[in-house]
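Chain by chain, the residues run as shown.
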Amino acid sequence: MIGLISATAAGAAARDRLAAAWPDRTRVYEGPVGEAVRAAFAECEQLVCFLATGATVRLLAPLLAGKTADPGVVCVDEAGRFAVSLLGGHGGGANELARDVAGLLGAEPVVTTATDAVGLAGLDTLGLPCEGAVATVSRALLDGEPVVLVAESAWPLPPLPVSPQGSYTIRLTDRDVRPGPRDVLLRPPSLVVGVGASKGAPVDEVLGLIERTLREAGLSPRSVAELATVDAKSAEPGILGAAERLGVPVVTYSAGELASVEVPNPSAAPLAAVGTPSVAEAAALVRGGELLVPKRKSDASPAMATCAVVRRPGRGRLAVVGLGPGARDLLTPRATAELRRASVVVGLDQYVDQIRDLLRPGTRVLESGLGAEEERARTAVAEARRGHAVALIGSGDAGVYAMASPALAEASDDIDVVGVPGVTAALAAAAILGAPLGHDHVSISLSDLHTPWEVIERRVRAAAEADLVVTFYNPRSRGRDWQLPKALGILAGHRTPTTPVGVVRNASRPDGSSRVTTLAGLDPATVDMMTVVTVGNTATRTVAGRMVTPRGYRWQAPAAGGSATGREEAR
């Protein structure tokens, strides 16, 4: 919950805007400011104070307990110009909250955390538990000191500017080791503990078995991702209680699923009780991994709990990112976040140049020239399979004549794949032209490098006969100068010569240009590969120099004794 505190009418107005926008996330604290701050500090995970920073600091000072315990605090000035991350920038999430508040109020976020200021991923913001000399190693990264990353298993970490050798270390490990004075330990959620329990097994017995098993195996409890068991034990209090104390979820599987898993220690007892010869080992192994600790029983007599431990490898992550048509303000926030999350970026060199400034220090960039789409897709998938966080970039939308198709054809279920939509060239061009896509429309690429011309021609003819608005991608190049005239000729057989046609080159970019002409007036020689051509249907009109295709086909013309009207059909 986010506590909201204000002292003046101006502050209250901004406070109420935030409360209205986030009704489920916020709570307004009324009354004397000092009392409101103390109450919110004790009850909320984060605070937004619409107060001067000096006043906020004085009110907070007596309440501070420590970096890991204090809530994140954002301070907004009376005029709503700045949202300052004042306390708990990383641990309390104040940096991200400041950005969110600023975006909502139209303010400027002020983030002074050193790593954020220079674009580094904070070691305590990687989404993994961390231990050790976080401040010391972070300072070394900021100062350009050589820091070594020792990853005992592959994991899709954000980019870090690490070196092959150095006196500071970031160690990714699920082993129960102690950090040195110049070490940070990152704990990946790589361990799955399979658990079996008799009816009524005490929480202390289940938890004690798990903790002892991990300790004797030299494994860290902070790397336990989940407890796994059979469906029949989904409500067993001992298992649920142990999971709650460990702070992990309970994941269950059917007896049939577990019975199909090969295990080293099957038993007749669970087969008779719940329908599978193994619970602990099978539940830990059902989704794959390395069995680190075979089934163990608790020390109680009789033993009422069993457990086994499996290490699952980290799954690589492939984000297929659409960069939009080129303008920075048409790059989505989600795309920006994925670019900053990726430790490896793969893309066409000219697209990489568009977003190079957004990449964090330590990002590995694999770029290539035109005509290597399949190779880039294979490279991106291969990097993800090595456990990296990868962004494969393309212009427009990644799924429209771009990199999503070859990448997903190459990828299998051994990696996580995320699609990040982008503004397509057709949409960017349409926004410039007016509203040409107001009704049914289709996009057709005129490049016959991958698609036989006979197929393309059949699609153009079908669009013409169906009276669809048509957007042509890849309309003309030096080596392909006859396809566009041929396609326009097909459309001309079904539409009048005065049909509006929009021509947009480099949509949204500084050197962009656009014009509206007609089907008869378009000179194909003025079109190139950087151009999108949009041909209207029989209802499309030019209104005040803009292309407009009506929502319905009842284009309202003045009737005898009447006037022209138009309305959106009720839906």
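Computed from a predicted model, the values in this text were never measured in an experiment.

Would you explain the overall build of the protein in this entry?
Helices and strands together make up the secondary structure of the protein, namely 18 helices and 28 strands. Across its three principal axes, the protein shows a C-alpha extent of roughly 95 × 65 × 55 Å. Put simply, the protein has 571 residues, and 47% of those count as buried. Long-range contacts, defined as pairs at least 24 residues apart, comprise 64% of the intrachain contacts of the protein with a sequence gap of at least 6. Approximately 26800 Å² of the protein is accessible, and the part contributed by carbon and sulfur atoms is 52%. If you average the places of the 57 positive and of the 61 negative side-chain charges in the protein, the two averages end up 2 Å apart.

Mind showing me how you'd approach the pattern of salt bridges here?
If you walk through the whole model with that rule in mind, you get 27 salt bridges. The residue Glu-226 makes a salt bridge to Arg-287 at a minimum N-O spacing of 3.9 Å. In this pair, Glu-226 is assigned in strand 12 (residues 224-230) and Arg-287 in the loop between helix 11 (280-285) and strand 14 (290-297), connecting sequence segments 61 residues apart. Its relative accessible area of 52% is what places Arg-287 among the exposed residues. The salt bridge involving Arg-356 is made with Glu-367; its shortest N-O contact spans 3.3 Å. With Arg-356 in the loop between helix 13 (349-355) and strand 18 (364-368) and Glu-367 in strand 18, the pair connects residues that are 11 residues apart, well separated along the chain. Shared partners join several salt bridges into a network, and the residues in it are Arg-15, Asp-16 and Glu-30.

Got a minute to help me understand the packing of aromatic side chains in this structure?
When we look at a pair of aromatic rings, we describe it by the centre distance and by the angle of the planes. Summed over the entire model, instances satisfying the criterion amount to two aromatic pairs. When the ring of Tyr-401 is compared with that of Tyr-473, the centres are 4.7 Å apart and the planes differ by 55 degrees; the resulting orientation is tilted. You can see Tyr-401 sitting in the loop between strand 19 (389-394) and helix 15 (404-410) and its partner Tyr-473 sitting in strand 23 (residues 469-473), a full 72 residues away along the chain. Accessibility expressed as a relative area gives 44% for Tyr-401, which makes it partly exposed. Residue Tyr-473 is classed as buried on the basis of its relative accessible area, which comes to 11%. Here the aromatic rings of Trp-453 and Trp-482 are separated by 5.0 Å at their centres, their planes lie at 70 degrees, and the arrangement is edge-to-face. Of this pair, Trp-453 sits in helix 17 (residues 453-465) while Trp-482 sits in the loop between strand 23 and helix 18 (483-492), and the two are 29 residues apart along the sequence. Taking the ring centre of Trp-22 as reference, the NZ or CZ of Arg-25 above it sits at 4.2 Å.

Mind showing me how you'd approach the environment of Gly-545 here?
Among the secondary structure elements, Gly-545 is positioned in the loop between strand 27 (541-543) and strand 28 (546-548). Separated by 453 residues in sequence, Gly-545 and Gly-92 have C-alpha atoms that sit 53 Å apart.

I would appreciate a short explanation of the sheet that holds strand 21 (residues 434-435) in the present structure.
Taken together, the three strands give an open sheet; going across it, the order is 21-28-27, and neighbouring strands pair in mixed fashion. Strands at the two margins of the open sheet, each flanked by one partner only, are strand 21 and strand 27. Bridge analysis of strand 21 against strand 28 gives two bridges, and the strand direction is parallel. Looking at strand 28, one finds that Ala-435 is bridged to Val-548.

Quick question: what am I supposed to make of helix 7 (residues 203-217) here?
Because the α-helix completes a turn every 3.6 residues, residues three or four places apart line up on one side. If you check helix 7, its first and last C-alpha atoms are 21 Å apart, about what 15 residues at 1.5 Å a residue would give, namely 21 Å. Here helix 7 has its buried residues at Glu-205, Val-206, Leu-207, Leu-209, Ile-210, Arg-212, Thr-213 and Leu-214. Here the buried face of helix 7 lies against strand 11 (191-197), strand 12, helix 8 (237-246), strand 14 and strand 15 (305-311).

What is the right way to read the sheet that holds strand 9 (residues 168-172) from this model?
Pairing between the strands of a sheet is mediated by backbone hydrogen bonds and can be parallel or antiparallel. Read across the sheet, four strands follow the order 7-10-9-8 without closing on themselves; strand pairing throughout is mixed. Edge strands, defined here as strands with exactly one partner in the open sheet, are strand 7 (130-132) and strand 8 (147-151). For this sheet, the mean angle separating the axes of adjacent strands, direction not counted, is 20 degrees. Summarising the sheet, strand 8 and strand 9 pair through five bridges and their orientation is parallel. Its bridge partner lying in strand 9, Val-147 is registered against Tyr-168. Sheet strands in contact with helix 6 (residues 134-142) are strand 7, strand 8, strand 9 and strand 10 (183-186), and its direction is about 115 degrees off that of strand 9.

Whenever I open this one, unusual backbone geometry confuses me. Can you help?
Outside of glycine, negative phi angles account for most residues, and trans bonds account for most peptide bonds. In this structure, Pro-302 follows Ser-301 across a cis peptide bond, with omega equal to 0 degrees. Topologically, Pro-302 is positioned in the loop between strand 14 and strand 15. At Asn-506, a position not held by glycine, the phi torsion is positive, near 50 degrees. Structurally, Asn-506 can be placed in the loop between strand 24 (500-505) and strand 25 (513-518). A residue is classified by how much of its surface remains accessible, and Asn-506, at 8% relative accessible area, is buried. Phi angles above zero are rare outside glycine, and Ala-544 is one such case at about 55 degrees. Structurally, Ala-544 is set in the loop between strand 27 and strand 28. We classify Ala-544 as exposed; its relative accessible area is 63%.

Looking at this structure, I do not really get helix 6. What am I missing?
Buried residues of helix 6: Val-134, Val-137, Ser-138, Ala-140 and Leu-141, and no others. Angularly, the buried residues of helix 6 cover 155 degrees about the axis, an arc narrow enough to put them on a single face. Away from its buried face, by an angle of more than 90 degrees, helix 6 presents the exposed residues Ala-135 and Arg-139. Lining the buried residues of helix 6 we find strand 7, strand 8, strand 9 and strand 10.

Which parts of the structure should I look at to understand the confidence of the model for the protein?
Detailed reading of predicted coordinates is not advised where the pLDDT is low. Of the residues in the protein, 96% reach a pLDDT of 70 or more, and the chain-wide mean stands at 90. Ranking the elements of the protein by mean pLDDT puts helix 5 (residues 114-118) last with 65 and helix 17 first with 97. With pLDDT under 50 throughout, residues 558-571 is counted as low confidence; its partners more than four residues away or in other chains account for eight contacts.

Each value, and the rule that gives it
- Residues numbered from 1 in each chain as written.
- Predicted model: local features only at pLDDT ≥ 70, side-chain atom pairs only at ≥ 80, totals over all residues.
- Heavy atoms only, no water.
- Helix = DSSP H or I, 4+ residues; strand = E, 2+ residues; numbered from the N terminus.
- Buried < 20%, exposed > 50% of the residue type's maximum accessible area, 1.4 Å probe, protein only.
- Contact = heavy atoms within 4.5 Å.
- Areas by Shrake-Rupley, 256 points an atom, 1.4 Å probe, with all protein chains shown as cover.
- Lys, Arg positive; Asp, Glu negative; His and termini not counted.
- Charge placed at Lys NZ, Arg CZ, Asp CG, Glu CD.
- Salt bridge = Lys/Arg side-chain N within 4 Å of Asp/Glu carboxyl O.
- Phe/Tyr/Trp six-rings, centres within 6.5 Å; stacked < 30°, edge-to-face > 60°.
- Lys NZ or Arg CZ within 6 Å of the ring centre and 35° of its normal.
- Pairing = 2+ DSSP bridges.
- Expected span 1.5 Å × (residues − 1).
- Axes fitted to C-alpha atoms, helices over the stretch in contact; angles between N-to-C directions.
- Arc of directions from axis to C-beta.
- pLDDT = per-residue confidence, 0-100.

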